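If you want the building blocks of each chain, they are given just below.
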Amino acid sequence: MLDNSDGNSAVLFQLEGVTKTYGAVTALNDLSLSVPFGPIGLLGPNGSGKTTMIRTLLGLIPVDAGSGQILGMDFRHQQLDIRRAVGFAPEDECLFPRVEGVGFVAYAGELVGMTYKDAMARAHEVLDYVGLGEARYRMVETYSTGMKQRLKLASAIVHDPKLLILDEPTNGMDPAGREEILQLARDLAHNKGMSLLFSSHLLPDVEAVCDHIVVLGGGKLLTQGDLQQLKQVHNRCFEVRLKLDGNGFSQRLSALGCTVESHDDLLLVQIPEGKSPQMLWQTALEEKQQIRYLRPQRSTLEEVFLKAVEQT
Amino acid sequence: MPIFDQGYQHWSGKLSGHTWRWLTITRHGIRAGSKNRILRTALIAAWLPAIALVSVLCLWGLVERRSAMVASFLQFLTFIFPAISTDPHRYRLDVWRLAYSYFLRTELFCSMLLVLLVGPSLISQDLRFNALPLYFSRPLRRIDYFFGKLGIIVAFLGMVMIVPAIVAYILGLLFSLDITIIPDTIGILISSVAYGLIISVSAGLLVLAMSALSRNSRYVALAWVGIWFVSGIVSTVLLNVDSQQRRYAYYHQITMRPPEYNPDMTRQERTQQMQQWRRQREKVTTAYRLEELEFSKNDWRPLVSYVANLSRLGQQLLHTNDTWVDLSQLQSDPLQRDLMLATYMGPQFPWYWSALVLIGLGGLSICILNLSIKSLDRLK
């Protein structure tokens, strides 16, 4: 767990038995979790409660039951202080109308409490950072989808928040624009010491940016933890790539009790209980094959996610 | 690409507290509005009546001092109203009240025009571009949002009603060089400022509520024109229909023909006959107007007009009717006195009727705003 830069608490945010209902719909169901500082990925299928959790953390909605803290502040009583310390880029396409890019970001800064002069100076800085320096004097209505996403990001970081919350930041973006946003999010989280809550449906995006993930489903916590730990190594499952055609190799391994699956030029080999990976080398030798690549198989984030969702 | 990319820099400035956060929205709205050339022109045009107000107050200050600068005007005044020129101090309050009353009546029209230029887009554009999540995810409450938007209207209307009223008052004081003017006239200043605030808040709430009902500001502008003009037209039509019916009853008397020419009458007799006829005609006309004035004390029809309601409150706050009663004493002839009152005094229905209408509209506006501008506490 990372330390808080202020030294107040080692926990970025925590929720204790939080329940939130909208009529018959239970958006958050006795949700309890504790999350460390750093880049956090928030995953979950549609309707899992991700957006409600973000709104709860920002103190935008009253909860039916439960309590919690974010950056050491109670989300039930210190809503305005929380929103001042946090930068939030909402999922929807939303704009302050009829302003230029630099005016948009400066206004966002002023709304958080910056003076006009500070906000304007800072707006120029962050627009340069997100790559909108050249478009700063264009009316925001003329921006492309990717530019609008970067504009939202700029307006979320204009006051240098301790925590940045990005809700589906790469929605509707082309691959190049998506990569730019991910690069910015990665840079902020890993090089600038800003904690990040990154909510997305796109698992590769989360994987590219986050160190820790939280998976929600049906308003409950399905799983959470360090990404590398969740993608655990499979001790008896190996990825093998050979120099030549591997039919004979596969057949021989199958005869020895291994399970072999072929994915293009890659073989996934699961060796039987009690056997050592040495048998792979031995078999290759016997088949006069060269092993060019051998690695214990790791779970992908997709597998972790699907496994967690299947549990519900 | 920037020539020198310094990357992301941390910021260590100080953020202000939450109390005055709504002012940010007001400031932003004023900045955005001041970029509109039509609005700037309208503002300048709306300041012209203020020049007239200042001129009257300064002129009266000089008249009270019998300054040589206004000698020709004093001669003119002596010729028209000798009583006033003899003791201008006695009529100070009346002149100031009337000056402010005419100024505010003109500015009421200007303020409706300014609201038309500023108000319709205030919330409708935020709805159209989905700006509310951006506002409410920042340290801002709904009430701050409403206050901020209302502040824009109040600021623009204050620029043309409240600020000129205060400036004119100060200049009037300076030109009179008489400290006793303050206790005499401070009530007028307070009433003018209060009236300016009433117009600003009432019109602001109303236009914001309409703006919250549509994503298209053109429709909101049309609705505002409807409130402003159409309600006035409807009220006028209703008043005229009713008034014409009563007028018809007087028709015979008012338009009674002059006496027939009688060749047997001497010239003197003929003149006397005509004078008698004219006097009788005046009596009937005055009686008709007085009856209209009396009838207007319980006439609900002006209440249909939004502007008439605001106007009635202004009349009450500035005590304009008392002024006309006072000035009517200048007429020695009781008939002329009554005619003057009947001509110049405005609507006579109870002022609290208008106040109730405006409070009702304000309450309705608040309800609409409350229902239309929701927080983010809802499912998508």
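For the structure itself, look to the data block above.
Residues numbered from 1 in each chain as written. Chains lettered and ligands numbered in written order. Predicted model: local features only at pLDDT ≥ 70, side-chain atom pairs only at ≥ 80, totals over all residues. Heavy atoms only, no water.

Chemist: Looking at this model, I keep getting lost on the overall build of chain A. Mind explaining?
Modeler: Along its length, chain A carries eleven helices and 14 strands. Dimensions along the principal axes, computed over C-alpha positions, put chain A at roughly 75 × 50 × 40 Å. Relative to its 312 residues, chain A shows a buried fraction of 55%. A fraction of 67% describes how many contacts in chain A between residues 6 or more apart in sequence connect residues 24 or more apart. Working note: accessible area of chain A is about 13500 Å², and carbon and sulfur atoms make up 47% of it. (Helix = DSSP H or I, 4+ residues; strand = E, 2+ residues; numbered from the N terminus. Buried < 20%, exposed > 50% of the residue type's maximum accessible area, 1.4 Å probe, protein only. Contact = heavy atoms within 4.5 Å. Areas by Shrake-Rupley, 256 points an atom, 1.4 Å probe, with all protein chains shown as cover.)

Chemist: Would you mind going over the interface of chain B and chain A with me for this structure?
Modeler: Frequently, the measure chosen for interface size is the accessible area removed from exposure when the parts meet. Listed per partner, the contact involves 38 residues of chain B and 48 residues of chain A. Area buried by chain B at its contact with chain A is led by B:Y8, B:W11 and B:R138, which between them contribute 20% of it. The interface formed by chain B and chain A contains two salt bridges. We note a salt bridge from A:E110 to B:R27, for which the minimum N-O separation is 3.8 Å. In this structure, the connection of chain B to chain A is made through 19 residue pairs in polar contact (both at pLDDT 80 or more). Elements supplying a minimum of two residues to the side of chain B that touches chain A: α1 (22–34), α6 (121–128) and α7 (132–136) of chain B. When residues of the side of chain B that touches chain A are assigned to their parent elements, the largest contribution, five residues, is made by α1(B). (Buried area = accessible area lost by both parts, 1.4 Å probe. Salt bridge = Lys/Arg side-chain N within 4 Å of Asp/Glu carboxyl O. Polar contact = N/O pair within 3.5 Å; in protein donor to acceptor, adjacent residues only side chain to side chain.)

Chemist: Sorry, what's going on with the packing of aromatic side chains here?
Modeler: For any pair of aromatic rings, the description rests on two quantities: the centre-to-centre distance and the angle between the ring planes. One pass over the full model with this rule turns up 18 aromatic pairs over all chains. By way of ring pairs, the aromatic residues A:F96, A:F104, A:Y107, B:Y135, B:F136, B:Y145 and B:F146 are connected into one cluster. Over the aromatic face of A:Y22 sits the side chain of A:K20, whose NZ or CZ is 5.0 Å from the ring centroid. The positively charged end of A:R241 is found above the aromatic ring belonging to A:Y293, 5.0 Å away from the centroid. (Phe/Tyr/Trp six-rings, centres within 6.5 Å; stacked < 30°, edge-to-face > 60°. Lys NZ or Arg CZ within 6 Å of the ring centre and 35° of its normal.)

Chemist: Sorry if this is basic, but what is going on with unusual backbone geometry here?
Modeler: In most cases, non-glycine residues show a negative phi, while peptide bonds are predominantly trans. With phi around 50°, A:D30 is a residue other than glycine that occupies positive phi space. Residue position: A:D30 is located in strand β2 (residues 25–36). Of note in this structure, B:H319 is not a glycine but carries a positive phi near 55°. Counting through the fold element by element, B:H319 comes out in the loop between α13 (306–317) and α14 (320–328). Among the residues examined, B:H319 registers a relative accessible area of 36% and is labelled partly exposed.

Chemist: What is the right way to read the sheet that holds strand β9 (residues 212–217) of chain A from this model?
Modeler: Backbone hydrogen bonds are what pair the strands of a sheet, in a parallel or an antiparallel way. Residue and element names in this part refer to chain A. An order of β6-β7-β8-β3-β9-β10 is seen for the six strands of this open sheet, with the pairing classed as mixed. Because the sheet does not close on itself, it has two edges, and the strands there are β6 (86–89) and β10 (220–226). Adjacent strand axes in the sheet meet at a mean angle of 15° when their direction is disregarded. With four bridges joining them, strand β3 (residues 39–43) and strand β8 (residues 195–199) adopt parallel strand pairing. Bridged to P39 within β8 is L196. In the packing of helix α6 (residues 175–190) onto the sheet, the strands contacted are β3, β7 (163–167) and β8, and the crossing angle to β8 comes to about 145°. (Pairing = 2+ DSSP bridges. Axes fitted to C-alpha atoms, helices over the stretch in contact; angles between N-to-C directions.)

Chemist: Help me out: how do you make sense of the pattern of salt bridges in this one?
Modeler: Opposite charge on two side chains lets them pair, provided their charged atoms get close. Residue and element names in this part refer to chain B. Applying the stated rule across the entire model yields 23 salt bridges over all chains. Between K297 and E294 there is a salt bridge, with its nearest N and O atoms 3.4 Å apart. For K297, a relative accessible area of 34% puts it in the partly exposed group. Note that R301 and D299 form a salt bridge whose closest N and O atoms lie 2.7 Å from each other. With relative accessibility at 15%, the residue R301 sits in the buried group. Residues joined in a network through salt bridges with shared partners are E64, R92, D178 and D184.

Chemist: When you look at the sheet that holds strand β4 (residues 65–70) of chain A in this model, what are you seeing that I'm missing?
Modeler: Residue and element names in this part refer to chain A. Spatially, four strands are ordered β2-β1-β4-β5 in an open sheet, and the strand pairing comes out antiparallel. Both edges of this open sheet fall to β2 and β5 (73–74), since each of them pairs with a single strand only. Note: strand β1 (residues 11–22) against β2, eight bridges, orientation antiparallel. Directly across from V18, in β2, lies its bridge partner L31. Relative to the sheet, helix α1 (residues 50–57) contacts β1, β2 and β4, its axis offset from that of β1 by approximately 115°.

Chemist: Honestly, the nonpolar core in this entry has me stumped. Any pointers?
Modeler: Side chains of nonpolar character tend, in soluble globular proteins, to be buried together. By size, the foremost hydrophobic cluster in this structure holds 145 residues, and its most contacted members are A:F96, B:Y100, B:M112, B:Y135 and B:W224. A per-element tally of this core places helix α5 (residues 92–118) of chain B first, with 13 residues. If sequence neighbours within four positions are ignored, A:F96 has contacts with A:F104, A:Y107, A:A108, A:L111, A:V140, B:A131, B:L134 and B:Y135. Counting 30 residues, the second largest nonpolar core, distinct from the first, contains A:F13, A:L71, A:F75 and A:A85. (Core = buried A, V, L, I, M, F, W, Y, C linked by side-chain atoms within 4.5 Å.)

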